[in-house]
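Geometric and topological summary
Chain by chain, the residues run as shown.
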Amino acid sequence: QSLSLIQTAVLQLLNMVIRATTFYSVKLERKHTHSVREKSIFFKMAFAYLVNSVLLLMIVNHENTSTWYKPGSVLEQALTFLVFDVAVNSILRLQQWVVEPLMRLYGRLISKSQAGLQEWYAPKKLELGELYASMVLTFGLCMFYGPMAPIAYAFGAVTMLINHFFCRFSMVHLHRVP
């Protein structure tokens, strides 16, 4: 059980490295429009997430498929990753809802001019390419491992529901002109 958690944490860390690397590489590409930039982010992250999180588990344990249902196997790792994905995504999204208003309050206290205050209240960019890639990862995990463990569909549905409400709230409250 603890080995499964460690592997899941490593996969999540690798996904964070993929995210940072993707944003850096897309920045170097100097895309001409925002939509082309978002498409580039989406395709790169979705492919890397699926290879890292879905296929890597299958490739590492491809030798003996009869042990996939035993404790500590591919299926347990995939389900642990799905639960971890729900938890991490939820915490990161809730953290954004809490930190953003606190940062604006802090900016209100330390700003000396209207221009400085407007910088603190400027809406952040909503990275739709990253959000779509995250949903593709969840969908891929559900499609690959759902037939082996139907509970994966429920975890995927919860994750997508959380993503839906996050995007809805964010577009209206966090990523708009105040």
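A brief look at the structure comes next. Every chain begins its residue count from 1, and numbering advances along the sequence as written. In view of the model being predicted, local features appear only for residues whose pLDDT reaches at least 70, and side-chain atom pairs are presented and counted only at 80 or more, with totals across whole chains, interfaces and linings using the full set of residues. To obtain the side-chain values, all non-hydrogen atoms of the structure were used and water was disregarded.

Let us now look at the overall build of the protein. For the protein, the helix and strand inventory stands at 6 helices and 0 strands. Helices and strands in the protein line up, N terminus first, as α-α-α-α-α-α. A fraction of 71% describes how many contacts in the protein between residues 6 or more apart in sequence connect residues 24 or more apart. About 10,800 Å² of surface is accessible on the protein, with carbon and sulfur atoms providing 71% of the total. When charges are counted, Lys and Arg contribute as positive and Asp and Glu as negative, whereas His and the chain ends are disregarded. A single reference atom marks each charge: NZ on Lys, CZ on Arg, CG on Asp, CD on Glu. Side chains of the protein carry 16 positive and 9 negative charges; the gap between the two charge centres is 9 Å. Here a strand is any run of E in DSSP of at least two residues, a helix any run of H or I of at least four, and the numbering for each starts at the N terminus. Contacts: residue pairs with any heavy atoms within 4.5 Å of one another. Residue burial considers only the protein chains on display, and all accessible areas are found by Shrake-Rupley using a 1.4 Å probe.

Okay, the packing of aromatic side chains next. Note on aromatic pairs: the rings of Phe, Tyr and Trp (six-membered ring only in Trp) are paired at centre separations within 6.5 Å, and the planes decide the class, stacked below 30 degrees, edge-to-face beyond 60, tilted for the rest. In total, this model carries 3 aromatic pairs according to the counting rule given. For the pair phenylalanine 42 and tyrosine 132, a centre-to-centre distance of 6.5 Å together with 90° between the ring planes defines the contact as edge-to-face. Here phenylalanine 42 is found in helix 2 (residues 34-60), whereas its partner tyrosine 132 is found in helix 5 (residues 128-145), with 90 residues between them in sequence. Relative accessibility under 20% of the residue-type maximum defines a buried residue, over 50% an exposed one, and the middle range a partly exposed one, all with a 1.4 Å probe and only protein chains included. Residue tyrosine 132 is classed as partly exposed on the basis of its relative accessible area of 47%. An aromatic cluster of three or more residues is present, and its members are Phe42, Phe43 and Tyr132.

Right, let's talk about the packing of helix 3 (residues 74-110) against helix 6 (residues 151-174) for a bit. Contact pair helix 3 / helix 6: the axes reach a minimum separation of 9 Å and the direction vectors enclose 15°. Of the possible angle classes, the one that applies to helix 3 and helix 6 is roughly parallel. As helix 3 packs across helix 6, the resulting crossing turns out to be left-handed. Across the interface between the two elements, Leu79, Leu82, Val83, Asp85, Val86, Asn89, Ser90, Arg93, Gln96, Trp97, Glu100 and Arg104 from helix 3 touch Ile151, Ala152, Phe155, Val158, Thr159, Ile162, Asn163, Phe165, Phe166, Phe169, Ser170 and Leu174 from helix 6. Orientation is described by lines fitted to C-alpha atoms, with helices fitted over the stretch in contact, and by angles between N-to-C directions that extend from 0 to 180 degrees. The cut-offs work like this: below 35 degrees is roughly parallel, past 145 is roughly antiparallel, 65 to 115 is roughly perpendicular, and the gaps in between are oblique. Throughout, a crossing is termed right-handed when the near helix is turned clockwise from the far one, and left-handed when it is turned anticlockwise from it by less than a right angle.

Before going further, it helps to spend a moment on the nonpolar core. Here, the term nonpolar core denotes a set of buried Ala, Val, Leu, Ile, Met, Phe, Trp, Tyr and Cys residues that are joined through side-chain atoms within 4.5 Å. In this structure, Met45, Tyr49, Leu57, Leu137, Leu141 and Tyr145 are the most contacted members of the largest nonpolar core, which totals 24 residues. Residue assignment for this core shows that the elements contributing at least two residues are helix 1 (2-29), helix 2, helix 3 and helix 5. Per-element tally for this core: the top contributor is helix 2, with 7 residues. What tyrosine 49 contacts, discounting residues up to four positions off in sequence, is Asn15, Ile18, Arg19, Val54, Ala133, Ser134 and Leu137.

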